[in-house]
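Structural overview
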Amino acid sequence: MGISFKYWDECVEPQDMEEMWWVPEVSTEWFDAGETKGQKVHLSRDPDGEPYLTQTEMKAVTEIIVRRHFDSQILPDMLCAIAELASDRKLLATNYNKKTKETTIGIMQLVPKTAEWLVRDMGYRIYDVQENPDILYRPFVSVYFGAAYLKWLSNFEQKERSEEFVVRAYKGGTKKANHKSTLQHWKRYLSVKESLPSRSFVDEGPSVNNSCASAAAAVSASQNTGGSHEYWDSRASTEDMIEMWNNNDVAREWMKCGEKRGKVRFSHDKDKRPYLSRVEVKAVAETILSKHFSTRKVKPSVLCALAEMVSMRFVTGVGPRIGLMGIDYSTAFWLYIELGYRAYKIDSVDDLTMPFVSMYFGAAYLAYLSEYEGRERTPQFVVQAYLAGPKNVNLQETGPFWLKFEQALANYEDVKKDPGSCTIL
């Protein structure tokens, strides 16, 4: 074969390395392993000396590729689970099939002619695999073509296909997608996918709907404890707290509940999960829009209604949706780096559990969606795209989102008080 990699820098482009370093979990893992930014990063090796990606690295590569090239249409966890089964995440893995007389290579175990077909006939031309099939041993290249093939399978013969069909077809071909020979592979895939480590990244490009399953464990743990999430002052800057106290409705509500400057408690539900009252949500939205989006035609009530839908106003979010506005880390990071929304710094997923930070990036995402693909979009499109992803807007399928949104919106047309907002346990 003649292919050998010792360092990450030998098998990825400089911009890929830069983006890997930007992933908090990756940089932490690399620093812990003694790596230094600006110097070559060693690849991990198994007992036989074969280079492989850690699960943290694998997740980061899939999320970067999906964000860059597939706009949230492929789930990173699907790619990670398939790579786990196909190659054990080994960069130089090969497998010869005696029946087809073909060899699959790389992390995603692709046949070179499949990648060539994706380039030639399907327009996936980011990497020139036709001239050099060996680049399929490179992680970003392999994941790119693996994702492209999964996307093609997901709409095989112009029919929307299930995850089971796609996974089984990836393993045995479209003719074996419903054959008993691929059933065991599907069961193994589900087991592997379930066991993937939760992480705070997912994401997946500009889409709130990224199954971002990434931060569920860390977030749910913080939901059930007080700690740093007990007080507003630990989740907002001094400047933002001044804005809150200057809001008459908020000040009235806080003083009624006996709150004092410097130590304002969040309201908590019966399970002791911190949440914002509707008065507080509206105040945060008004502050963010007036300070950072004054030229945009976004009403505070719109942001409030979306918060009601995606997080039920819980500080840390609900399930995989992170924070007040349900923005995942990768989307916020993309808005921060690529689109220049930098009023708030975002270093980790924990930043998105800060109400003002989450609201800011939620508003930024709405601004992006309002002119998606260079066209002014209707409110219906923007709301449905926020909840389901811009590529998944379908009036029949996502229409109910709009109806629920209108119901939530009614709560904020004239918010003066929020009964029960003193339920601090």
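The name recorded for the protein in an unreviewed UniProt entry is Transglycosylase SLT domain-containing protein, from Manihot esculenta.

1. What about the nonpolar core?
Core analysis: the biggest nonpolar cluster contains 65 residues, and Trp232, Ile288, Leu306, Leu352, Met359, Phe361 and Tyr386 have the highest contact counts within it. Counting only elements with at least two residues in this core, the list comes to α10 (238-246), α11 (248-256), α12 (278-292), α13 (300-311), α14 (329-337), α15 (355-370), α16 (379-388) and α17 (399-409). The element contributing the most residues to this core is α15, with 11 residues. When near neighbours in sequence (up to four residues on either side) are disregarded, Trp232 contacts Met241, Met244, Trp254, Val264, Arg265, Phe266, Leu276, Glu280, Val284, Pro355 and Phe356. Counting residues in each nonpolar core, the second largest holds 64 residues, with Met17, Leu110, Ala115 and Ile135 among its members.

2. Remarks on the packing of aromatic side chains
Taken as a whole and assessed by the stated rule, the structure comprises 31 aromatic pairs. With a centroid separation of 5.9 Å and an interplanar angle of 55°, the aromatic rings of Trp232 and Trp254 are classed as tilted. Residue Trp232 is located in the loop between α9 (216-223) and α10, and its partner Trp254 is located in helix α11; the two are separated by 22 residues in the primary sequence. Assigned by exposure class, Trp232 and Trp254 land together as buried. Here Tyr360 and Phe361 contribute two aromatic rings whose centre-to-centre distance is 5.1 Å and whose plane-to-plane angle is 80°, an arrangement assigned as edge-to-face. Through pairs of rings, three or more aromatic residues link up here, namely Trp117, Tyr149, Trp152, Phe156, Phe165 and Tyr170. Between Arg377 and the ring centre of Phe381, over which it is positioned, the NZ or CZ distance is 4.4 Å.

3. Re unusual backbone geometry
You will see that Arg89, though not glycine, has its phi angle at about 65°, which is positive. Inspection of the secondary structure assignment puts Arg89 in the loop between α4 (76-87) and β3 (94-97). Residue class for Arg89 comes out buried when judged on its relative accessible area of 12%. In the Ramachandran plot, Glu373 falls in the positive-phi region, its phi being about 55° despite a non-glycine side chain. Counting through the fold element by element, Glu373 comes out in the loop between α15 and α16.

Basis of the calculations
Residues numbered from 1 in each chain as written. Predicted model: local features only at pLDDT ≥ 70, side-chain atom pairs only at ≥ 80, totals over all residues. Heavy atoms only, no water. Core = buried A, V, L, I, M, F, W, Y, C linked by side-chain atoms within 4.5 Å. Buried < 20%, exposed > 50% of the residue type's maximum accessible area, 1.4 Å probe, protein only. Helix = DSSP H or I, 4+ residues; strand = E, 2+ residues; numbered from the N terminus. Contact = heavy atoms within 4.5 Å. Phe/Tyr/Trp six-rings, centres within 6.5 Å; stacked < 30°, edge-to-face > 60°. Lys NZ or Arg CZ within 6 Å of the ring centre and 35° of its normal.

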